[in-house]
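# Close look at the chain arrangement
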Amino acid sequence: MSTPLSRRALGGVAAGAAAAAALGATAPAAQAAAQATSPADPQERPFRAAHPRRHSPRPNILFILGDDLGWADLSSYGSPHIRTPHLDRLARQGVRFTDAYSGSATCSPTRFSLYTGRYPGRTKGGLAEPIADKSVGLEPTHPTLASLLRDSGYATALIGKWHCGYLPDYSPTKSGWDEFFGNFGGALEYYSKLGLGGEYDLYEGDAEYKDLRYYTRILTERASEYVGRDHDKPWLLNLNFTTPHWPWIADGDKETSDEIVRRIKAGDRSALWHQDGGSVEKYKEMVEDLDRSIGQVLDALKRSGREQDTLVFFASDNGGERFSYNWPLSGNKGSLQEGGIRVPAILRWPARIDGGQVSDLPVFTPDWTATLLDLAGARPHPAYPLDGTSLAGHLLRGAEVPERDLFWRVRGERALRRGDWKYYRGKSGRDQLFHLSEDSREQADRAPFEQARLAELRTAWEGIDAGLLRY
């Protein structure tokens, strides 16, 4: 599927070529313009599986999520103003995916799809978009990535944002993680740790933990300690940062923090949304801080001596928010347009996968669940079949990934991707069809000219939807 310059590594390629053509440039000049504006490292090459260079044990797994980070918010994905050297280096050392998608368009349903490997609509808690109260959550009886890996001999930990239900009924420690340190809700103020309802929301296990330092610092410290331990078994660490999710508070912004806390305590339930604050520059500061923090965790992993045998994966939980840079995609968080679900995704496993590679294989969150279970030698629970496809054979042996459908459903929107084609129905209720390799911005509706294909993809979407829970 890949080509020497990935067709879908689009951050500025098409725009550069079009600009050169508009100025009457020759073909070589147009090509040079395209390459000059490409976000990709010029040394990137299409993905190809490597022959194992040595025996490698089952990998440790460090799965890192950013929160509301847009597809092009990393410099390796085309951001013109945000610099992310640590994540860019991770990409150079592994594989950068240009067509990776989240399992849904908001926080908690995507986390359901990661932890269960299934569509969010298979579980009652996954119908909340996102979870906002204590009425639903991830049922402790449902097998998870963590419980299946733990049963297979892994140590498991989750550090950071859970957002799959609240105590007393729901918790990471009830769903397969040996250790939990973090917050239960969808957002919190970075210093006070107050949540949307004014509740304190920093826990170790199921007990409150008092630490009023900047949250990203605390999570970085905890994660660095975990990966640096002398583990006696392989481990899974889900490291879920809240950065760069609102409120728009960077390290050191105590005055802004104090004002938001004052409003929360005065009963303003919209204070954390911070709709009257933030800026592109503040967002840049937060993303670059996230990058430095991940760099610190990766440094701790390197010092542990287990870097070679650790699979590191980084992605965002959904598309970008108010201040994200999503070009050339349309839409953002909450939408099933590309900007709401296409996310940066990077995978590194030095023992088994070569670096400096790029892949335009369409993948989405449940695929990573299936892949990690496969790589770790763990099996899905037969009563809870996965909706994702394992990429282990593709990544390790170059096996072809059969064409399959990537499916999404949120209230008022539907989408399905098959190959280069995407079926989409937004809140207007109108069915649309886009050819993404030629039109990643979803501006040229092909539905009037491809009625048979539209009908086929619509039928496929409705077939999957029929097996899910109703809203």
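Refer to the structure printed above.
Residues numbered from 1 in each chain as written. Predicted model: local features only at pLDDT ≥ 70, side-chain atom pairs only at ≥ 80, totals over all residues. Heavy atoms only, no water.

## Details of the overall build of the protein
Broken down by element type, the protein carries 12 helices and 16 strands. For the protein, the C-alpha radius of gyration of 21 Å lies close to 23 Å, the compact-globule estimate for 471 residues. The long-range fraction of contacts in the protein, counting pairs at least 24 apart against all pairs at least 6 apart in sequence, stands at 71%. When the accessible surface of the protein is summed, it comes to about 18000 Å², and 51% of that surface belongs to carbon and sulfur atoms. Taking the average location of the 59 positive side-chain charges in the protein and that of its 62 negative ones, the two points are 2 Å from each other. (Helix = DSSP H or I, 4+ residues; strand = E, 2+ residues; numbered from the N terminus. Rg over C-alpha atoms; globule rule 2.2 N^0.38 Å. Contact = heavy atoms within 4.5 Å. Areas by Shrake-Rupley, 256 points an atom, 1.4 Å probe, with all protein chains shown as cover. Lys, Arg positive; Asp, Glu negative; His and termini not counted. Charge placed at Lys NZ, Arg CZ, Asp CG, Glu CD.)

## Here's the deal with the environment of Lys161
With respect to the helices, strands and loops of the structure, Lys161 is situated in strand 4 (residues 155–161). We classify Lys161 as buried; its relative accessible area is 0%. Spatially, the C-alpha atoms of Lys161 and Asn238 are 9.4 Å apart, while their sequence positions differ by 77 residues. Beyond its immediate stretch of four places on either side in the chain, Lys161 contacts Asp67, Cys107, Arg111, Tyr115, Asn183, Gly185, Gly186, Asn240, Thr242, His245 and Asp317. (Buried < 20%, exposed > 50% of the residue type's maximum accessible area, 1.4 Å probe, protein only.)

## Things to note about unusual backbone geometry
Omega for the bond connecting Trp246 with Pro247 falls within 30 degrees of zero, at 5 degrees, which places this linkage in the cis form. Tracing the backbone shows Pro247 in the loop between strand 8 (235–240) and helix 7 (254–265). Cis geometry is found at the peptide bond from Trp327 to Pro328, where omega equals 5 degrees. With respect to the helices and strands, the residue Pro328 is situated in the loop between strand 9 (310–316) and helix 9 (338–341). In this model, Asp68 sits at a positive phi of 65 degrees, which is unusual for a non-glycine residue. Take Asp68: it is sitting in the loop between strand 2 (60–66) and helix 3 (85–92). Within the chain, Lys193 stands out as a residue other than glycine whose phi angle is a positive 65 degrees. Relative to the helices and strands, Lys193 is located in the loop between strand 5 (179–183) and strand 6 (203–204).

## Examining the nonpolar core
Generally speaking, nonpolar side chains in soluble globular proteins are found buried as a group. Counting 56 residues, the largest nonpolar core has Leu62, Ile64, Trp235, Leu237, Leu239, Ile294 and Phe314 as its most contacted members. Taken together, the elements giving at least two residues each to this core come down to strand 2, helix 3, strand 4, helix 6 (215–227), strand 8, helix 7, helix 8 (280–304) and strand 9. Among the elements that take part in this core, helix 8 stands out by supplying 9 residues, more than any other. The residues contacting Leu239, other than those within four sequence positions of it, are Leu62, Phe63, Ile64, Leu65, Ile159, Leu219, Ala223 and Val297. Grouped together as the second largest cluster of nonpolar side chains are 50 residues, Leu65, Tyr203, Phe313 and Trp368 included. (Core = buried A, V, L, I, M, F, W, Y, C linked by side-chain atoms within 4.5 Å.)

## Considering helix 8
In an α-helix there are 3.6 residues to a turn, and that puts residues three or four apart on one side. Between its terminal C-alpha atoms helix 8 stretches 36 Å, which fits the 36 Å expected from 25 residues at 1.5 Å a residue. A positive backbone phi angle near 85 degrees is found at Gly305, which sits one or two residues after helix 8. (Expected span 1.5 Å × (residues − 1).)

## With respect to helix 4 (residues 107–116)
The element helix 4 is largely enclosed, with a buried count of 10 among its 10 residues. Residues of helix 4 that are buried include every one of Cys107, Ser108, Pro109, Thr110, Arg111, Phe112, Ser113, Leu114, Tyr115 and Thr116, and no others. Residues of helix 4 that are buried in the fold lie against strand 2, helix 5 (145–151), strand 4, strand 8 and helix 10 (365–375). Where helix 4 terminates, the next one or two residues include Gly117, which has phi positive at roughly 75 degrees.

## Quick look at the side chain of Glu189
Along the chain, Glu189 falls in the loop between strand 5 and strand 6. A polar atom in the side chain of Glu189 sits 2.6 Å from the backbone nitrogen of Ser192. There is a polar contact of 2.8 Å between the side chain of Glu189 and the side chain of Ser257. (Polar contact = N/O pair within 3.5 Å; in protein donor to acceptor, adjacent residues only side chain to side chain.)

## Considerations on the side chain of Ser335
Note that Ser335 resides in the loop between strand 9 and helix 9. A distance of 2.9 Å separates the side chain of Ser335 from the backbone nitrogen of Gln337, its partner in a polar contact. Beyond its immediate chain neighbours, meaning those up to four positions away, Ser335 contacts Ala105, Gly340, Ile341, Glu413 and Tyr424.

Nothing here speaks to function; it is geometry throughout.
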